[in-house]
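# Breakdown of the fold
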Amino acid sequence: MTLEKVPNSLRGELSRWLIEVQTGVYVGSVSAAVRDLLWDKVVQHARSGRCTQMYRTNNEQGFAIRMHGDQVRTLVKIEGYQLVAVRDARHAELLRDNQPPDELETL
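Residues numbered from 1 in each chain as written. Predicted model: local features only at pLDDT ≥ 70, side-chain atom pairs only at ≥ 80, totals over all residues. Heavy atoms only, no water.

## Digging into the overall build of the chain
Inclusion rule: Going along the chain from the N terminus, every DSSP run of H or I of four or more residues is numbered as a helix, and every run of E of two or more is numbered as a strand. The buried label applies to any residue whose accessible area, calculated with a 1.4 Å probe on protein chains only, is under 20% of its type's maximum; exposed applies above 50%, and partly exposed to all values in between. Here, two residues are considered to be in contact whenever any of their heavy atoms come within 4.5 Å of each other. Areas reported here follow the Shrake-Rupley algorithm with a probe of radius 1.4 Å; residue values treat only the protein chains shown as occluding.
Across its full length, the chain carries four helices and seven strands. Starting at the N terminus and walking to the C terminus, you meet the elements of the chain as β-α-β-β-α-β-β-β-β-α-α. Looking at the chain residue by residue over its 107 residues, the buried ones come to 31%. Within the chain, contacts between residues at least 6 apart in sequence are counted, and of these 33% link residues at least 24 apart. Accessible area of the chain: about 7200 Å², with a carbon and sulfur share of 50%.

Okay, here's the thing in structure tokens:
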């Protein structure tokens with residue numbers, strides 16, 4: 001999980017469950033239930049910050065991605081694959097042709 005521009009208290013809370021290997025980058029092995037509860041907590045307390053979570057799952061890619069907050073990068077789903085779209089001249093065209101992934105599909 002990565003956190004950007006979030007309150008220090010949220011970083012401290014996350015460090016109880018995961019290891020902060022670099023500023024704002026958290027890694028660990030927790031159950032799916034704990035992972036989802038941590039994500040909910042991060043989203044609730046992020047304020048204007050940005051959060052990304054990647055986790056292992058049983059799909060073609062072997063992982064899923066969640067993003068929250070003001071983002072230059074957004075998720076799009078193309079032919080069953082989650083990809084990251086960067087907001088540039090083609091961004092609107094890409095979003096028009098492809099819907100963002102439904103998080104419920106990956107759980």
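## Remarks on a nonpolar patch on the surface
Quick reminder of the rule: Surface patches are defined over residues having more than 30% relative accessible area and no salt bridge, joining like charges when they lie within 9 Å and nonpolar side chains (Val, Leu, Ile, Met, Phe, Trp, Tyr) when within 5 Å. What counts as a salt bridge is simple: a side-chain nitrogen of Lys or Arg found within 4 Å of a carboxyl oxygen of Asp or Glu.
On the surface, Ile19, Val21 and Val27 cluster together into a nonpolar patch covering about 290 Å² of accessible area. For Ile19, the position within the fold is in strand 2 (residues 19-22). Judged by relative accessible area, Ile19 falls into the exposed class, the value being 60%.

## Here we look at the packing of aromatic side chains
Rules: A pair of Phe, Tyr and Trp rings is counted when the ring centres sit within 6.5 Å of each other, with Trp represented by its six-membered ring. The angle between the planes then sorts it: under 30 degrees is stacked, over 60 is edge-to-face, the rest tilted. Only when the NZ atom of a Lys or the CZ atom of an Arg is both within 6 Å of the ring centre and within 35 degrees of the ring normal do we say a charge sits over the ring.
As enumerated under the stated definition, the model contains zero aromatic pairs in all. Taking the ring centre of Tyr55 as reference, the NZ or CZ of Arg35 above it sits at 3.8 Å.

## Describing the pattern of salt bridges
Within this structure, the stated rule accounts for five salt bridges. Notably, a salt bridge pairs Arg11 with Glu20, separated by 3.9 Å at the nearest N-O pair. The class for Arg11 is buried, based on a relative accessible area of 17%. The partly exposed category is assigned to Glu20, whose relative accessible area is 36%. Put simply, Asp36 and Arg66 hold a salt bridge, and the shortest N to O gap is 2.7 Å. With Asp36 in helix 2 (residues 32-45) and Arg66 in strand 5 (residues 63-68), this pair connects stretches of sequence that are 30 residues apart. For Asp36, a relative accessible area of 23% translates into the label partly exposed. Shared partners join several salt bridges into a network, and the residues in it are Arg35, Asp36 and Arg66.

## Section: the pairing of strand 6 (residues 73-78)
The test is simple: The rule for pairing is simple: two strands pair if DSSP sees at least two bridges between them.
In this sheet, strand 7 (residues 81-86) lies alongside strand 6 in antiparallel orientation, the contact comprising six bridges. Each bridged residue has a counterpart across the sheet, and for Val76 the counterpart in strand 7 is Leu83.

## Some points on the layout of surface pockets
Note the following rule: Lining residues are those with an atom within 4 Å of a point, where the points come from a 1 Å grid over the protein atoms alone and group into cavities, where a 1.4 Å probe fits but cannot get out, or pockets, open sets with protein on both sides within 12 Å along at least five of seven lines. Grid points are joined across faces, edges and corners, and a volume is the space filled by probe spheres set on the points. Residue classes follow a fixed rule: Ala, Val, Leu, Ile, Met, Phe, Trp, Tyr, Cys and Pro count as nonpolar, while Asp, Glu, Lys and Arg count as charged, and any other residue, Gly among them, counts as polar.
Reported here for the largest pocket is a volume of approximately 340 Å³. Forming the walls of the largest pocket are 15 residues, and the residues nearest its centre are Gly28, Ser29, Arg35, Met54 and Tyr55. Among the secondary structure elements, those contributing two or more residues to the lining of the largest pocket are strand 3 (25-27), helix 2 and strand 4 (50-56). With four residues, strand 4 is the largest single contributor of residues to the lining of the largest pocket. Across the lining of the largest pocket, the residue classes break down as nine nonpolar, four polar and two charged.

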